[in-house]
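# Remarks on the overall topology
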Amino acid sequence: MSSALTDLFPHPIVQAPMAGGVSVPHLAQAVSEAGGLGFLAAGYKTADGMYQEIKQLRGLMSRPFGVNLFMPQPEYADPGAVEIYTHQLAGEAAWYETELGDPDSGRDDGYDAKLAVLLDNPVPIVSFHFGVPSSEVLESLRRVGTFTLVTATTPEEALAVERAGADAVIAQGVEAGGHQGTHRDVPENDGSGIGLLSLVAQVRETVNLPVVAAGGIMRGSQIAAVLAAGATAAQLGTAFVATPESGANAVHKQALTNPLFTRTELTRAFSGRPARGLVNRFMREHGPYAPAAYPEVHHITAPLRKKAAAAGDAQGMALWAGQGHRLARELPAGQLVEVLAAELDAAKTALSGKGDLR
C-alpha cells in the first residue's frame, strides 16, 4: 500500500493543501510536474468552486494530484462565549470599517456536495482534515479508484483512521502551520501537541498504514529525518507559501522571513480552533479570549481578515505559518521541489557514511 501511494509521485514530497486561497491550481501543477504531489484545498469553497479548480488543474496537466476536504463539525460551541467574543471584536470592526460576519453561516463546509462531485469525477487522492470520514465514505472513494488519507495528531487518532479504512495517515506534528487536524477540539488539550518525530515513531508503532509526516518541514534533510523515522513521504505547507505560484497574499509571503515576526503560536483568535501562525497584534490582543467555537469564530472574523489583507495590514491577518517559517525560500514551486529532492539525496548519502552531513 505504501508503494501504491509513492508510485503516484517520484519524490516523497507532498504540497500541503492550504485553504483560504493559497493552494491554487498553478501551485499544484508546478509541484506535481516537478515530481512531488500537488494538492488543492476544497475548504471554504463551494462544491462547484472545488470542481472548477479540479477542471482547471486537469486542463493544465495530466499528473496525479490530491484534493482535501474539511470534515463537518459538531455543534458544541457555547453561544454565550461566541456572543461575548463578538462584542470584544467590535473595535476591530470599527477600525476596519466593516461588519462582523454571521457566526451561523454554516458548519459542514458543503461536505456531502463535495463528496458527490469527487465520486462522480474521481481524483487520484483525497485527504480529510478535522476528523475521520465514515467507513462507507472511504470505501465508496476506494471503489472509484481514489486513494484516501486522513490527518491524525495523536497515535489514538491514527488508530481511528486505520479502523475506518483509510489508505494512509497524515501524522501532523504540533510544529505545523495552520489548523491542527485534531478529530475533537478539546480546549483542555491546548498546548499539549506532540512533536513530529515523536509522533511519526508512535504512529508507526500503532498502525499498519503508510505515514505522511507533516509539521515544520522546510529542508530536504528534514525530509530524510522523517523518512528515517518511518514515514513514507513528507508534507510541506509553509515551504510553498512563499513561492510565486502560491495564492497567498504578498504581505503573508513577506512576513515569513520579516524580522518583525520572530515566532509562531497556536491560537483560536481567528477561527475558534487551534491554528499556528505568526504572532501579530490581533493574535496577542484576542487570542487569550477566543472561545472554542469553530467555524463560528472563523465566520465572525472573515470580514476583518479580508479588510486587513486588502489594506496590506499584516497585524490584522491570519498569517498561518509553521515553526520553520524563517527557512522559507522564494523559489518557483517546481524548483523548490527539485532543491528539496537534491537536499534529500545529499542527506541520504551523508547518513549512509558516503558524504559529509552538514
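See above for the structure.
Residues numbered from 1 in each chain as written. Predicted model: local features only at pLDDT ≥ 70, side-chain atom pairs only at ≥ 80, totals over all residues. Heavy atoms only, no water.

This paragraph deals with the packing of helix α6 (residues 111-120) against helix α7 (residues 135-143). With their axes 10 Å apart at the nearest point, α6 and α7 run at an angle of 25° to one another. When the axis of α6 is compared with that of α7, the two are roughly parallel. Of the residues in α7, those touching α6 at Y111, L115 and L119 are V137, S140 and L141. Grouping the constituent residues of the contact of α6 with α7 by class yields five nonpolar, one polar and no charged. (Axes fitted to C-alpha atoms, helices over the stretch in contact; angles between N-to-C directions. Helix = DSSP H or I, 4+ residues; strand = E, 2+ residues; numbered from the N terminus. Parallel < 35°, antiparallel > 145°, perpendicular 65-115°, else oblique. Contact = heavy atoms within 4.5 Å. Nonpolar A, V, L, I, M, F, W, Y, C, P; charged D, E, K, R; others polar.)

This brings us to helix α3 (residues 47-60). In a regular helix each residue adds 1.5 Å, so 14 residues correspond to 20 Å; α3 covers 20 Å between its end C-alpha atoms and thus fits that length. Considered for burial, the residues of α3 that qualify are A47, M50, E53, I54 and L57. In an axial view of α3, the angular spread of the buried residues amounts to 125°, which keeps them on one side of the axis. Facing away from the buried side of α3 by more than 90 degrees, the exposed set consists of K55 and G59. In this fold, the buried residues of α3 make contact with α2 (25-33), β2 (38-41), β3 (65-70) and α6. (Expected span 1.5 Å × (residues − 1). Buried < 20%, exposed > 50% of the residue type's maximum accessible area, 1.4 Å probe, protein only. Arc of directions from axis to C-beta.)

The next subject is unusual backbone geometry. Across the junction of Y294 and P295, the peptide omega takes the value 10°, indicating a cis bond. Summarising the element assignment, P295 is placed in the loop between α13 (281-286) and α14 (296-310). Despite not being glycine, Y44 has its phi angle at roughly 70°, a positive value. The topology assignment puts Y44 in the loop between β2 and α3. Using a relative accessible area of 32% as the deciding quantity, one classes Y44 as partly exposed.

In this section: the pattern of salt bridges. Two side chains that carry opposite charge are able to pair once their charged atoms sit near each other. Scanning the model with the defined rule gives eleven salt bridges in all. Where R107 meets E296, a salt bridge forms, and the shortest distance between an N and an O atom there is 2.6 Å. With R107 in the loop between α5 (90-96) and α6 and E296 in helix α14, this pair connects stretches of sequence that are 189 residues apart. When the shortest N-O distance is used, the salt bridge between R329 and E343 registers 2.6 Å. (Salt bridge = Lys/Arg side-chain N within 4 Å of Asp/Glu carboxyl O.)

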